[in-house]
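Each chain, written out:
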Amino acid sequence: MVELRNEDPRAFKHFMRMPPAMFDEVVQRLTPRLTKQDTNYRASLEPGLKVAITLRHLASGNTYRNMQYAWRVPHNTISVVVREVVKAIIEEYTDELLFCPTTEQGWRDLADQWYQRWNFPHTVGAIDGKHVACKCPPNSGSEFYNYKGFYSVILFAMVDADYRFTYIDVSGNGSSSDAQIYNESDLHRGLDQNRIHAFPQPDPLPNDHQDVPYFIVGDDAFSLRTYLMKPYSNRNLTHEERIFNYRLSRARRVVENAFGILANRFQILLTTMQHHHETVRTIVEACCILHNLMRTRYPVLQNRLVDRAQPDGNLQPGAWREGQNLEDTIVVQGPNTASRLVDWQERMVAIN
């Protein structure tokens, strides 16, 4: 394996195409939470190294035992480091990056973004759920076993028009449905009881005079409400209803794109995570926060990852669908050529 321990941790920022300045920001802000005192037996790990190890684990999904030789850090120490760093990320960035608007103008700005980008007015968010595979927790029975045939925890999320997460709930187990998790969430209680702070009152749609409530959009799994819009059932639809379904689906697709970008960037979410299920929830939450951080700090750099609608109405797939963000970690299969005098670069070319 290539020696990595003595390298500058910023060399690993390309795991998620993270700019060096952003890596430095994360390390600087987490340093007070990650700094430990040296002892007579060993020197503590540097905060930058801890962050780099954690980013490698999140971005590649490699196991601790596979990582320990490259980093010269024991696998049991890496397990402690990863939990420590993801908790520090949550504590440091949650209030700044993962929140719903607290003013009426903030909600209206969200609705304006949906209207300008996706041509669907009065929308303040799109909701959906994603299963994150994990090992079967002990003595859990079928509680974590989902209808797709594997064990999982569920990430339920609401996103804005720019693929940023504004609300997440990772408390759901695999046997639950998206609608069940939503019905038990703070988001549903707040909308149903009209307790969302500064949520805008109904007003007319563009070029109309009848008041219409502001709402979130979801798929057929959710119940139709004045604050939740879903498509018409696909039976005997009129031309106008088909247009409505098309525009609503185009808006709702934003949350599916957000999940795709998240899983492509943090490929640990594409593996069967071998952590304790509570650690899985913590890791998923930290990944959502890092996703928001990259979307907020460097939106132009991230825009090539997302799907884009062309002027003719066709969809141009984003780079997240290609699944290529870790070319340096791809294993090359082939004969043993170590004893032959061939160019090093030719022997290390990864198959895309």
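Before reading further, recall that the structure is shown in the block above.
This is a predicted model, so every value here is computed, not measured.

Draft legend 1. Highlighting the overall build of the protein. The helix and strand inventory of the protein stands at 11 helices and 9 strands. Sorting the 352 residues of the protein into buried and exposed places 49% on the buried side. When contacts within the protein are restricted to residue pairs at least 6 apart in sequence, those whose partners lie at least 24 apart make up 64%. Split by element, the accessible area of the protein, about 18700 Å² in all, is 49% carbon and sulfur.

Draft legend 2. Seen up close, the pairing of strand E3 (residues 165–173). With 8 of 9 residues buried, E3 lies mostly within the body of the structure. Of the strand pairs in this sheet, strand E2 (residues 152–159) and E3 are connected by 6 bridges, and their pairing is antiparallel. Counted as the bridge partner of Val-159 is Phe-165 from E3. In this antiparallel pair of consecutive strands, E2 and E3, the connection spans 5 residues, and Tyr-163 shows a positive phi of 70 degrees.

Draft legend 3. Here's a closer look at the nonpolar core. Phe-165 and Leu-269 are the most contacted members of the largest nonpolar core, which has 71 residues in total. Ignoring anything within four residues of it in the chain, the contact list for Leu-269 reads Val-132, Leu-262, Ala-263 and Val-284.

Draft legend 4. Spatial organisation of the pairing of E2. Counting buried residues along E2, 8 of its 8 residues qualify, which places the element largely inside the surrounding structure. Burial along E2 is two-sided: the residues Ser-152, Ile-154, Phe-156 and Met-158 and Val-153, Leu-155, Ala-157 and Val-159 are all buried. In the sheet, strand E1 (residues 123–133) pairs with E2 via 8 bridges, with the strands oriented antiparallel. When the bridges of E2 are listed, Ala-126 appears paired with Val-159.

Draft legend 5. Region of the structure containing the environment of Arg-247. Turning to its location among the elements, Arg-247 is positioned in helix H8 (residues 239–265). Exposure remark for Arg-247: the relative accessible area of 34% places this residue in the partly exposed category. For the pair formed by Arg-247 and Phe-120, sequence separation is 127 residues and the distance between their alpha carbons is 6.6 Å.

Draft legend 6. Just the packing of helix H1 (residues 20–34) against helix H9 (residues 277–297), in detail. Close contact between H1 and H9 brings their axes to 12 Å; oriented N to C, the two are set at 130 degrees. By the criterion of interaxial angle, the relationship of H1 to H9 is oblique. In this structure, H1 crosses over H9, and the sense of that crossing is right-handed. Judged by residue contacts, Met-22, Glu-25, Val-26 and Arg-29 of H1 engage Leu-290, Leu-293, Met-294 and Arg-297 from H9. Along the lines of polarity and charge, the residues of the contact of H1 with H9 split into 5 nonpolar, no polar and 3 charged.

Conventions used here
Residues numbered from 1 in each chain as written. Predicted model: local features only at pLDDT ≥ 70, side-chain atom pairs only at ≥ 80, totals over all residues. Heavy atoms only, no water. Helix = DSSP H or I, 4+ residues; strand = E, 2+ residues; numbered from the N terminus. Buried < 20%, exposed > 50% of the residue type's maximum accessible area, 1.4 Å probe, protein only. Contact = heavy atoms within 4.5 Å. Areas by Shrake-Rupley, 256 points an atom, 1.4 Å probe, with all protein chains shown as cover. Pairing = 2+ DSSP bridges. Core = buried A, V, L, I, M, F, W, Y, C linked by side-chain atoms within 4.5 Å. Axes fitted to C-alpha atoms, helices over the stretch in contact; angles between N-to-C directions. Parallel < 35°, antiparallel > 145°, perpendicular 65-115°, else oblique. Left-handed = near helix turned anticlockwise from the far one by under 90°. Nonpolar A, V, L, I, M, F, W, Y, C, P; charged D, E, K, R; others polar.

Read these as geometric descriptors, not functional statements.
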